Amino acid sequence: MEVLFVCLGNICRSPTAEGVLRHKLREAGLAGQVEVSSAGTGEWHVGNPPDPRSQRAASVRGYDLSAQRAQQVSRADFARYDLILAMDHSNLRNLKALHPGQGKAELDLFLRRFDAEVDEVPDPYYEGEQGFERVLDLIERACDLLVIELKGRL
Ligand code: 4NP
């Protein structure tokens, strides 16, 4: 099973989701059964580590994002991944526009599956520290539920 998180730059939200889910899968004993990755719809930050603000906020909660490097989502990803989860509506629209029309990937908004109140993880790039904390709050809660879903699908 392979899961891909997608945001715009792949330096804030989706790398955070990748790090959090990988951590939670390890805790659940599922690390060997689910591959997790992340990508951005944009190419500006390809090759860069996650934003220092994301790394710092994640690190305080016990997640190490330092080894991750940004990549851009590609058409081949629709054949490779089982589940592609977009952080916001704009990301989802961009993914649909890129979709080659075939491939096994199930495409959805990340929070639509797991949060009754909000369906987007808001872009924190131009926000202060609070924006990054909010991103982590939403992602941690949704990843707890995603682990349960993945368990049921293995
Ligand atoms: P992300 O945040 O999509 O969560 O990685 C952003 C990072 C960079 C930019 C926008 C959003 N940017 O415009 O460079």
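Named according to an unreviewed UniProt entry, the chain is protein-tyrosine-phosphatase originating from Pseudomonas antarctica. Reading the Sequence similarities (unreviewed entry) entry of the UniProt record for the chain gives the comment "Belongs to the low molecular weight phosphotyrosine protein phosphatase family."

Caption draft 1: Region of interest: the side chain of Thr16. With respect to the element layout, Thr16 can be found in helix α1 (residues 13–27). Under the relative-accessibility criterion, Thr16 is labelled buried at 2%. Beyond its immediate chain neighbours, meaning those up to four positions away, Thr16 contacts Ser54, Leu65, Val135, Leu136 and Ile139.

Caption draft 2: Inspection of the site of the ligand at higher detail. Neighbouring residues of the ligand: Cys7, Leu8, Gly9, Asn10, Ile11, Cys12, Arg13, His45, Asp123, Tyr125 and Tyr126. Between the ligand and Asn10 there is a distance of 3.2 Å, counted from an oxygen atom to a backbone nitrogen or oxygen. Cys12 is positioned such that a nitrogen or oxygen atom in its backbone is 2.9 Å from an oxygen atom of the ligand. For the ligand, whose accessible area on its own is 350 Å², the fraction buried by protein is 91%. A per-class count over the shell around the ligand returns six nonpolar, three polar and two charged.

Caption draft 3: The arrangement of the nonpolar core in detail. One finds Phe5, Leu21, Phe110 and Leu146 to be the most contacted residues of the largest nonpolar core, which totals 34 residues. For this core, the secondary-structure elements that each account for two or more residues are β1 (2–7), α1, α2 (52–60), β3 (83–86), α5 (110–114) and α6 (129–153). If you tally residues by element for this core, the top one is α6, at 10 residues. Contacts of Leu21, omitting those with residues within four sequence positions, involve Val3, Phe5, Val36, Cys143, Leu146, Val147 and Leu150. In terms of nonpolar packing, the next biggest core, distinct from the first, is built from 12 residues, Val73, Phe78, Tyr81 and Leu109 among them.

Caption draft 4: Region of the structure containing the pattern of salt bridges. Applying the stated criterion across every chain, the model contains 16 salt bridges. Across the salt bridge formed by Glu18 and Arg22, the nearest N and O atoms sit 2.6 Å from each other. Of the two residues, Glu18 and Arg22 both sit in helix α1, four residues apart, roughly one turn of that helix. The class of Arg22 is partly exposed, set by a relative accessible area of 31%. Across the pair Glu149 and Arg153 runs a salt bridge, and its minimum N-O distance is 2.8 Å. You can see Glu149 and its partner Arg153 sitting in helix α6, four residues apart, about one turn around the helix.

What counts, and where the lines are drawn
Residues numbered from 1 in each chain as written. Predicted model: local features only at pLDDT ≥ 70, side-chain atom pairs only at ≥ 80, totals over all residues. Heavy atoms only, no water. UniProt positions renumbered as here; feature names shortened; annotations may be inferred. Helix = DSSP H or I, 4+ residues; strand = E, 2+ residues; numbered from the N terminus. Buried < 20%, exposed > 50% of the residue type's maximum accessible area, 1.4 Å probe, protein only. Contact = heavy atoms within 4.5 Å. Near = heavy atom within 4 Å. Polar contact = N/O pair within 3.5 Å; in protein donor to acceptor, adjacent residues only side chain to side chain. Areas by Shrake-Rupley, 256 points an atom, 1.4 Å probe, with all protein chains shown as cover. Nonpolar A, V, L, I, M, F, W, Y, C, P; charged D, E, K, R; others polar. Core = buried A, V, L, I, M, F, W, Y, C linked by side-chain atoms within 4.5 Å. Salt bridge = Lys/Arg side-chain N within 4 Å of Asp/Glu carboxyl O.

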